[in-house]
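# Per-entry structural report
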Amino acid sequence: NRTTTELELVNVSASWDEGIGELFEKIKQENKANGQPNCDASLFFTNLYITPVLKNISLYLEKGKMLAVAGSTGSGKSSLLMMILGELVPSEGKIRHSGRISFSPQTPWIMPGTIRDAILFGLTYDEYRYTSVIKACQLEEDFALLPEKDKTLLVEGGVTLSGGQRARLGLARAVYKDADLYLLDAPFTHLDIVTEKEIFEKCVCKLMASKTRIVVTSKLEHLKRADKILLLHNGDCYFYGTFSELQAQRPDFSSLLLG
Ligand code: DGT
C-alpha cells in the first residue's frame, strides 16, 4: 500500500565526486606545464573519491516505523542520510519521500544564544512539547545544574557543552521539530551505555513511537527494536530486512558492527 509508505529508495547509487576529478585534472595539467612528473597520488585520490559511496540501495519505510542503519565506519551511513536530505544527488535510481524532514547531524551546529534557543532553533516555544523532549533527552538534570537553567547562554561568554550534552541537545532539537521523517545520525555519540539505553528507550522508542525514523546505530539492542535494518558494507547493502531475517540470513553479521 503506497499511501502508508513514507520513504522509498529504488536501486540508488551515488558518489561524492564534487569536482575532485576536475581538481586533479587541473593539478595534472599544471604539473605538465611546469615540467613536473605527475603525482601518482592524484590518480589514487581520483579513484578513491569517484568510487560510489552507495551502490544499488533499495528500501522502503512505512509511516511510523523505525529503520536502523548500521555498518562499520565509512560504510556510507551518513551519506545515505545526506542522500535522503537531497545533499547527495544519486547517480542512479529513485528516491521518494512525502514531506518534511528533521535531521540530527553527528555534530550539531550550535549558534550563540540560550540553550533553549538552540533547541527551539527558530520554532515557537510550546511548553508541553518542549518539556517532554527535554525529559526524553535527559537534559533536565543538566539544566538544573546551570545558574540560569535553559536560559544560560551558549558559546561567547557562556557555558561550553560537553560532547554528550551537545549530542543530546542536537537530538532534542531534531525531535522538537514537527516532521514526517526524522533522520538521526549516530545520536548517542559520547554517551555512556546507561544514558544511551535510556534515551533510546524514552526518546527514540517511546516519545517518537508514531514517527517515521531512521537511526544510524550499530548497537545490537537497537537493531532488535527497529522495524527494519539496513546493514551497509563499503557502500553495498549487506543486508536489508528484519532482525530475525538478519539472524537467519547473516549469522555472522556482528563482525560488521564492530568498526
Ligand atoms: P562513520 O560516520 O564513520 O560511522 O561512517 P559512515 O558509515 O557514516 O560513512 P560516511 O557516509 O560518513 O562516509 C562514507 C564515505 O563518504 C567516506 O569515504 C567519506 C565520504 N564522505 C562522507 N561525507 C562526505 C562529504 O560530505 N563530502 C565528501 N566529499 N565525501 C564525504
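Just so it is clear, the structure is predicted and the values come from calculations on it, not from any experiment. (Residues numbered from 1 in each chain as written. Predicted model: local features only at pLDDT ≥ 70, side-chain atom pairs only at ≥ 80, totals over all residues. Heavy atoms only, no water.)

### Remarks on the layout of surface pockets
Approximately 450 Å³ is the volume attributed to the largest pocket. Among the elements that take part in the lining of the largest pocket, helix H3 (residues 77–85) stands out by supplying three residues, more than any other. Residues of the lining of the largest pocket, tallied by class, amount to seven nonpolar, 14 polar and four charged. (1 Å grid on protein atoms, 1.4 Å probe; cavity = no way out; pocket = protein on both sides within 12 Å on 5 of 7 lines; lining within 4 Å. Points joined across faces, edges and corners; volume = space filled by probe spheres on them. Helix = DSSP H or I, 4+ residues; strand = E, 2+ residues; numbered from the N terminus. Nonpolar A, V, L, I, M, F, W, Y, C, P; charged D, E, K, R; others polar.)

### A look at empty space enclosed by the protein
In the structure shown here, the tally under the stated rule is two cavities of 30 Å³ or more. The computed volume of the largest cavity comes to approximately 50 Å³. As for the largest cavity, its lining consists of Ile115, Leu139, Asp142, Phe143, Leu146, Leu161, Gln165 and Leu169. Mapped by element, the contributors of at least two residues to the lining of the largest cavity are helix H6 (140–144) and helix H7 (163–176). When the residues that make up the lining of the largest cavity are grouped by side-chain class, the tally is six nonpolar, one polar and one charged. Counted as a void, the second largest cavity has a volume near 30 Å³. Forming the boundary of the second largest cavity are Ser104, Pro105, Gln106, Pro108, Ala167, Asp185, Ala186, Pro187 and Thr189. Taken together, the residues that form the lining of the second largest cavity break down as five nonpolar, three polar and one charged.

### So, the state of the cysteines
Applying the stated criterion across every chain yields a total of zero disulfides. Cys137 provides the cysteine sulfur closest to Cys203, a residue in no disulfide bond, and the two sulfurs are 3.9 Å apart. Under the relative-accessibility criterion, Cys203 is labelled buried at 0%. (Disulfide = S-S within 2.5 Å. Buried < 20%, exposed > 50% of the residue type's maximum accessible area, 1.4 Å probe, protein only.)

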